[in-house]
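The primary structure of each chain is shown beneath.
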Amino acid sequence: MNTKKTRKLIPGKLKLIPAAAISAALFAILSFLGLLNFNPPNVNDSESTSTETEDQQSVEPVPEQAVVSTELLQGPAEPTDPAKQTEAVETTPPLEVLDLVDVLIDGDDYLFAVGQRELEFVREQKTVLEIVNAAKAITGDESGVKIRITRTFAATAQAERTLLTALSDAGLSEDAIDQRRTLVER
């Protein structure tokens, strides 16, 4: 029952170190030679390739036969009538007048609704004094509300507080102010 232990000349842990070093060196050599391409596309890469292709397309001359054949397929061009051109131009619908002052607070800015077009408010930046004067001058809606205040996610509390203080100093009651609590996108 002689059991003889055989000794290993190189432990298993030491065998892994040269294998890892060889594979790292092989990986570095292949990547330097360009055989491994692990470059993810960049934002600048897509822009540069699109401008290069546009430049190449614009440089290529268009054959004259292609231009002539498309003209023949389309037929003779009709003279354009100026009256038809004015009808083709889309006119934007007029602004609907609001029956109350609508203010959107965005950051420290006050965006005043000058009118409404197709369910969307047309806004201009105004000062607190201009908003207060407009709220005092307007009759309001049927429930007595004269001003509606809405805030964006970026609205500051100081801007809202300043406007509310100026409105109360001007004599507007709390019932005349519709202060929305729901934040909206700009």
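Whatever comes next refers back to the structure up there.
These notes cover the structure that comes with them. Quantities reported herein were computed from a predicted structural model and do not represent experimental measurements. (Residues numbered from 1 in each chain as written. Predicted model: local features only at pLDDT ≥ 70, side-chain atom pairs only at ≥ 80, totals over all residues. Heavy atoms only, no water.)

Considering the overall build of the protein
Then, in step 1: Along its length, the protein carries six helices and five strands.
Then, in step 2: Ordering the α and β elements of the protein from the N terminus gives α-α-α-α-β-β-β-α-β-α-β.
Then, in step 3: The buried share among the 186 residues of the protein stands at 19%.
Then, in step 4: A separation threshold of at least 6 residues defines the contact pool for the protein, and within that pool the share at least 24 residues apart is 60%.
Then, in step 5: About 15300 Å² of surface is accessible on the protein, with carbon and sulfur atoms providing 57% of the total. (Helix = DSSP H or I, 4+ residues; strand = E, 2+ residues; numbered from the N terminus. Buried < 20%, exposed > 50% of the residue type's maximum accessible area, 1.4 Å probe, protein only. Contact = heavy atoms within 4.5 Å. Areas by Shrake-Rupley, 256 points an atom, 1.4 Å probe, with all protein chains shown as cover.)

Section: the sheet that holds strand β4 (residues 147-152)
Then, in step 1: Taken in spatial order, the five strands line up as β3-β2-β1-β4-β5 in an open sheet, and their pairing is mixed. Each having just a single partner strand, β3 (120-126) and β5 (177-184) make up the two edges of the open sheet. Each strand of the sheet is rotated relative to its neighbour by a mean of 30 degrees, with strand direction disregarded.
Then, in step 2: Bridge count for β4 against β5 is five bridges, and the pairing is parallel. Of the residues in β5, the one forming a bridge with threonine 152 is valine 184. (Pairing = 2+ DSSP bridges. Axes fitted to C-alpha atoms, helices over the stretch in contact; angles between N-to-C directions.)

A few points about the pattern of salt bridges
Then, in step 1: One pass over the structure, following the stated rule, counts seven salt bridges.
Then, in step 2: Between arginine 148 and aspartate 178 there is a salt bridge; the shortest N-O distance is 4.0 Å. Of the two residues, arginine 148 sits in strand β4 while aspartate 178 sits in strand β5, which places them 30 residues apart along the sequence.
Then, in step 3: Linking glutamate 160 and arginine 181 is a salt bridge whose minimum nitrogen-to-oxygen distance equals 3.7 Å. Of this pair, glutamate 160 sits in helix α6 (residues 157-169) while arginine 181 is found in strand β5, placing the two residues 21 residues apart along the sequence.
Then, in step 4: Members of the salt-bridge network, linked through shared partners, are Asp102, Arg123, Arg148, Asp178 and Arg180. (Salt bridge = Lys/Arg side-chain N within 4 Å of Asp/Glu carboxyl O.)

With respect to unusual backbone geometry
Then, in step 1: Even without glycine at this site, glutamate 118 takes up a positive phi of about 50 degrees.
Then, in step 2: In this structure glutamate 118 comes out as exposed when scored by relative accessible area, which is 60%.
Then, in step 3: One non-glycine residue, leucine 119, adopts positive backbone phi at about 65 degrees.
Then, in step 4: In this fold, leucine 119 is placed in the loop between β2 (109-117) and β3.

Some words on the nonpolar core
Most often, soluble globular proteins have nonpolar side chains that are buried together.
Then, in step 1: By size, the foremost hydrophobic cluster in this structure holds 18 residues, and its most contacted members are Val103, Ile105, Tyr110, Ile131, Ile147, Leu163 and Leu167.
Then, in step 2: Counting only elements with at least two residues in this core, the list comes to β1 (101-106), β2, α5 (128-137), β4 and α6.
Then, in step 3: The greatest single-element share of this core, amounting to four residues, is contributed by α5.
Then, in step 4: Setting aside its immediate chain neighbours within four residues, isoleucine 105 contacts Tyr110, Ile149, Thr150, Arg151, Thr152, Ala155, Ala159, Glu160 and Leu163. (Core = buried A, V, L, I, M, F, W, Y, C linked by side-chain atoms within 4.5 Å.)

Considerations on the environment of arginine 148
Then, in step 1: Between the C-alpha atoms of arginine 148 and aspartate 102, which are 46 residues apart in sequence, the distance is 4.8 Å.
Then, in step 2: Excluding anything up to four places from it in sequence, arginine 148 contacts Leu100, Val101, Asp102, Val103, Phe121, Asp178 and Arg180.
Then, in step 3: Separated by 2.7 Å, the side chains of arginine 148 and aspartate 102 make a polar contact. (Polar contact = N/O pair within 3.5 Å; in protein donor to acceptor, adjacent residues only side chain to side chain.)

Things to note about the pairing of β1
Then, in step 1: Across the six residues of β1, six count as buried, placing the element largely inside the fold.
Then, in step 2: A two-sided burial pattern is seen for β1, the buried positions comprising Val101, Val103 and Ile105 on one face and Asp102, Leu104 and Asp106 on the other.
Then, in step 3: With four bridges connecting them, β1 and β2 associate as antiparallel partners. Counterpart to isoleucine 105 in the pairing with β2 is tyrosine 110.

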